[in-house]
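# Residue-level structural notes
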Amino acid sequence: NTAWAYAAADAPSAALFAGRRFAECCDAAASSLRPEDLDQLHQWQLWLKERGADWPRLAPQLSARCHASFSAAAAAPSRLQGRVAAALAALGLPVREEVGTPQGYSLDAVVVFEGREVAVEVDGPSHFVGRAPSGATALKRRQLRAAGWTLVSVPYWEWDEVEAGS
């Protein structure tokens, strides 16, 4: 959880992660890690890549378990996501929903616009603290962009305004 928090805050700490101790502790505890622990460690590993940090990595077997756990998360499309996807389709854009990325993230929708794939993330209230993205949402956005995705976020309150004006 601590490693995930540093990743979400994008706050590098050589004191915590540059030595072998953190990775060794994770490897030693591997058999007792819950799926949510594995998921957070996976996002921490993505953060190391994102930052280009050359800090010690998890053992390959644990790393693979983390990726598999993170990738296996069940998608839960919302009604809002369905309305946004329908509106994109009505504009003549080919829409694919719940698209998995090599990093293990699930994208709400992907459209092709001007010959380029664009990820569309439809973010409801649980993705925000007030109007600021939650740590998990900010981390996902940052990691998707670092992986090369063009990303458009559709916050629920902006969509509500669009629908109210229709």
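Anyway, here's the lowdown on the structure attached to this text.

What counts, and at which threshold
Residues numbered from 1 in each chain as written. Predicted model: local features only at pLDDT ≥ 70, side-chain atom pairs only at ≥ 80, totals over all residues. Heavy atoms only, no water. Axes fitted to C-alpha atoms, helices over the stretch in contact; angles between N-to-C directions. Helix = DSSP H or I, 4+ residues; strand = E, 2+ residues; numbered from the N terminus. Parallel < 35°, antiparallel > 145°, perpendicular 65-115°, else oblique. Left-handed = near helix turned anticlockwise from the far one by under 90°. Contact = heavy atoms within 4.5 Å. Buried < 20%, exposed > 50% of the residue type's maximum accessible area, 1.4 Å probe, protein only. Phe/Tyr/Trp six-rings, centres within 6.5 Å; stacked < 30°, edge-to-face > 60°. Salt bridge = Lys/Arg side-chain N within 4 Å of Asp/Glu carboxyl O. Pairing = 2+ DSSP bridges. Expected span 1.5 Å × (residues − 1). Arc of directions from axis to C-beta.

## Topic: the packing of helix 4 (residues 35-51) against helix 7 (residues 135-146)
For the pair helix 4 and helix 7, the least separation of the axes is 10 Å and the interaxial angle reads 45°. On the basis of the axis angle, helix 4 is oblique to helix 7. In the crossing of helix 4 with helix 7, the sense of the turn from one axis to the other is left-handed. Contacts from Gln-43, Leu-46, Trp-47 and Glu-50 in helix 4 reach Leu-139, Arg-142, Gln-143 and Ala-146 in helix 7.

## Some details on unusual backbone geometry
A positive phi is found at Glu-98, a non-glycine position, where the angle reads about 50°. In this structure, Glu-98 sits in strand 1 (residues 95-100). Although it is not a glycine, Glu-114 adopts a positive phi angle of roughly 50°. Residue placement: Glu-114 occurs in the loop between strand 2 (106-113) and strand 3 (116-123). Relative accessible area serves as the criterion here: at 72%, Glu-114 is assigned to the exposed category.

## Details of the packing of aromatic side chains
Taken as a whole, this structure holds 11 aromatic pairs when the rule is applied. Centroid distance Tyr-156 to Trp-157: 5.3 Å. Interplanar angle 90°. Geometry classified as edge-to-face.

## Considering the pattern of salt bridges
Applying the stated criterion to the full structure yields nine salt bridges. Between Asp-37 and Arg-34 there is a salt bridge, with its nearest N and O atoms 2.9 Å apart. Between Glu-163 and Arg-83 there is a salt bridge whose closest N-O contact spans 2.8 Å. With Glu-163 in helix 8 (residues 156-165) and Arg-83 in helix 6 (residues 79-90), the pair connects residues that are 80 residues apart, well separated along the chain. The class for Glu-163 is partly exposed, based on a relative accessible area of 31%. What you see here is one network of salt bridges that share partners, running through Arg-34, Glu-36 and Asp-37.

## Concerning the environment of Phe-113
Tracing the sequence through the fold places Phe-113 in strand 2. Classification of Phe-113 by relative accessible area gives partly exposed; the value is 46%. Between the C-alpha atoms of Phe-113 and Ala-132, which are 19 residues apart in sequence, the distance is 27 Å. Beyond its immediate chain neighbours, meaning those up to four positions away, Phe-113 contacts Leu-93 and Val-118.

## Some words on the pairing of strand 3
Across the eight residues that make up strand 3, a large majority, six, are buried. Direction of pairing for strand 2 relative to strand 3: antiparallel, over a ladder of five bridges. Its bridge partner being in strand 3, Ala-109 is matched across the sheet by Val-120. Sheet analysis places strand 3 next to strand 6 (residues 150-155), joined by six bridges and oriented parallel. Opposite Val-118, over in strand 6, you have Thr-150 as the bridge partner.

## Focus on the sheet that holds strand 3
One key point about sheets: their strands pair by backbone hydrogen bonds, in either a parallel or an antiparallel sense. Taken in spatial order, the four strands of this open sheet run 1-2-3-6, and their pairing is mixed. Since the sheet does not close on itself, it has two edges, and those belong to strand 1 and strand 6, each with one partner. Neighbour-to-neighbour, the strand axes of the sheet open up by a mean angle of 35°, direction not taken into account. Sheet strands touched by helix 6: strand 1, strand 2, strand 3 and strand 6. Its angle to strand 1, the strand with the most contacts, is close to 135°.

## Here we look at helix 5 (residues 60-71)
Between its first and last C-alpha atoms helix 5 spans 16 Å; for 12 residues at 1.5 Å apiece the expected length is 16 Å, and the two agree. Turning to helix 5, its buried residues number three or more, namely Leu-62, Cys-66, Ser-69 and Phe-70. Seen from one end, helix 5 has its buried residues packed into an arc of 95°, which puts them on one side. Facing away from the buried side of helix 5 by over 90 degrees, the exposed positions are Pro-60 and Gln-61.

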